[in-house]
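The primary structure of each chain is shown beneath.
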Amino acid sequence: MNIHEYQSKQVLKSFGVNVPNGKPAFSVEEAVAAAKEIGTSVVVVKAQIHAGGRGKAGGVKLAHNLDEVEQFAKELLGKVLVTKQTGPAGKKVNRLLIESGADIAKEYYLSFVVDRQTAKVVMMASTEGGMEIEKVAAETPEKIFKEYIDPVIGLAPFQTSRMAYKLGLPKPAIRPAQKLMSCLYNAFIGKDCSLAEINPMVLTKDNDVMALDAKLNFDDSALYRHPDIVELRDETEEDPKELEAAAADLNYVNLGGDVACMVNGAGLAMATVDILKYFGGDPANFLDVGGDSNPEKIAKAFNIMLEGGQSKGIFVNIFGGINRCDQVAEGVIAAAKIVSEDGKSMPVPVVVRLEGTNAEKGREILKNTPIKNVIMAPTMEGGAEQIVKLVNEAKA
Ligand code: GDP
Ligand code: MN
């Protein structure tokens, strides 16, 4: 789960991380009132969306007086911001963060993330902070310093001091930087984060060290331990299809393409996405319907896949274990009645491969259905190839 920058900063502040004085604003009036209260000569007006790259897209503005705050707030609220991370559709700005302006001497990068290879949390930092860290990681990875953290000992003081020296921080800034690192680590562990990223962490002209931006991601499996974090959820920032699927108990991830697939089991679902890609398809989603796939649930899944005209074809790939293939077949027919205009034809081609428990029975049901546009495939490979071909033909 993701939260907004201003929320991340509130969480981090409670762990002792040094953040600028700031307030969220949901309207132009609130923005001006917040700036008045903060009272510094420069305030920053920042668009709050669940995506980075705002600076380059005009979502971060420095205001030198209240008139400018008003002007920037008017400009940003309601605007659709398209950044490197939002995709071409962009994200609508509904909230702002009004913050005291910092006098920046230099920008750094700092983050904590779980490293799967070593099964440890790793602290990463770089002198090349600011707006181009992805480029630094790709082209000059040696400029990113790392400290792997022993899970029993935790982040040790020698590690934070080594990092502060590697970053070449001036002497009076060493201790504040160490403090920021250890407070950020405590927040990462304390709130079960999967990522805590400060970009930029800044050195100010009076040798203070501060988190000027903040991004926290949380491990969904641990959210039950953090009701305070769950409260920060902003559903308007999440994919409506994914929300709908979660409510229907479907494991669904929108992948943005146009060849949809409906599969049982996460492993088979991933293999299906891979094989669609192998045959030149652009997968629309990952979808694991799970083991208790009754017809209503299958119908719901079809609805979600087809919504908004995203999918140009659907591949149903079921290996029946606990699932019964005859139930899945009934589900496909129930879905056709809901998603088609006349109840007799699927709006896009649907290729079905059934194997495992009651496969014969399932195939029989689909063979005898009057519903059009449902095609049976004997194998996973053949089915994947066929649906990609049909979708590509439809597009040509
Ligand atoms: P992002 O582009 O979405 O990652 O947004 P950031 O919060 O990182 O802001 C982008 C850039 O705006 C930063 O790298 C800074 O250069 C600049 N910026 C943000 N806050 C301030 C501030 O208080 N003072 C100054 N001078 N620049 C700031
Ligand atoms: Mn940033």
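Below: a short report on this structure. Here the structure is a predicted model, which is why all the values come from computation and not from measurement. (Residues numbered from 1 in each chain as written. Chains lettered and ligands numbered in written order. Predicted model: local features only at pLDDT ≥ 70, side-chain atom pairs only at ≥ 80, totals over all residues. Heavy atoms only, no water.)

Brief notes about the pairing of strand β8 (residues 120–126)
Convention followed: Type-normalised accessible area, obtained with a 1.4 Å probe on protein chains alone, sets the label of each residue: buried when under 20%, exposed when over 50%, and partly exposed for intermediate values. Secondary structure elements are taken from DSSP: a helix is a run of H or I of four residues or more, a strand is a run of E of two residues or more, and numbering for both begins at the N terminus. A pair of strands is labelled paired if DSSP reports no fewer than 2 bridges between them.
Most of β8 is tucked away: 6 of the 7 residues are buried. Pairing geometry for strand β7 (residues 104–115) and β8, over 7 bridges, is antiparallel. Paired with Val 114 across the strands is Val 121, a residue of β8. As paired elements, β8 and strand β9 (residues 144–149) share 6 bridges and run antiparallel to each other. Paired with Val 122 across the strands is Tyr 148, a residue of β9.

Focus: the packing of helix α8 (residues 240–247) against helix α10 (residues 295–306)
The geometry of a pair of packed helices is captured by two quantities: the angle between their axes and the separation between those axes. This is how the line gets drawn: Axis definition: a line fitted to C-alpha atoms, limited for helices to the stretch in contact. Angles are taken between N-to-C directions and run from 0 to 180 degrees. An angle counts as roughly parallel when it lies under 35 degrees, as roughly antiparallel when it exceeds 145, as roughly perpendicular when it falls between 65 and 115, and as oblique in every other case. Whether two residues are in contact is decided by their heavy atoms: any pair within 4.5 Å suffices. In this classification, Asp, Glu, Lys and Arg are treated as charged, Ala, Val, Leu, Ile, Met, Phe, Trp, Tyr, Cys and Pro as nonpolar, and every other residue, Gly included, as polar.
Running from N to C, α8 and α10 cross one another at 175 degrees; their axes reach a closest spacing of 10 Å. Here α8 lies roughly antiparallel to α10, going by the angle between them. Residues Lys 241, Glu 244 and Ala 245 of α8 lie in contact with α10, whose contacting residues are Lys 300, Ile 304 and Met 305. Class assignment for the residues of the contact of α8 with α10 results in 3 nonpolar, no polar and 3 charged.

What to know about the coordination of the manganese ion (ligand 2)
Threshold: Only nitrogen, oxygen and sulfur atoms qualify as donors, provided they sit within 2.8 Å of the metal or within 3.2 Å for Na, K and Ca; with water excluded from the atoms, sites may seem incomplete.
Protein coordination at the manganese ion (ligand 2): the donors are Asn 199 (O) and Asp 213 (OD), at 2.2 Å from the metal. Of this pair, Asn 199 sits in strand β10 (residues 193–204) while Asp 213 sits in the loop between β11 (209–211) and β12 (215–218), and the two are 14 residues apart along the sequence.

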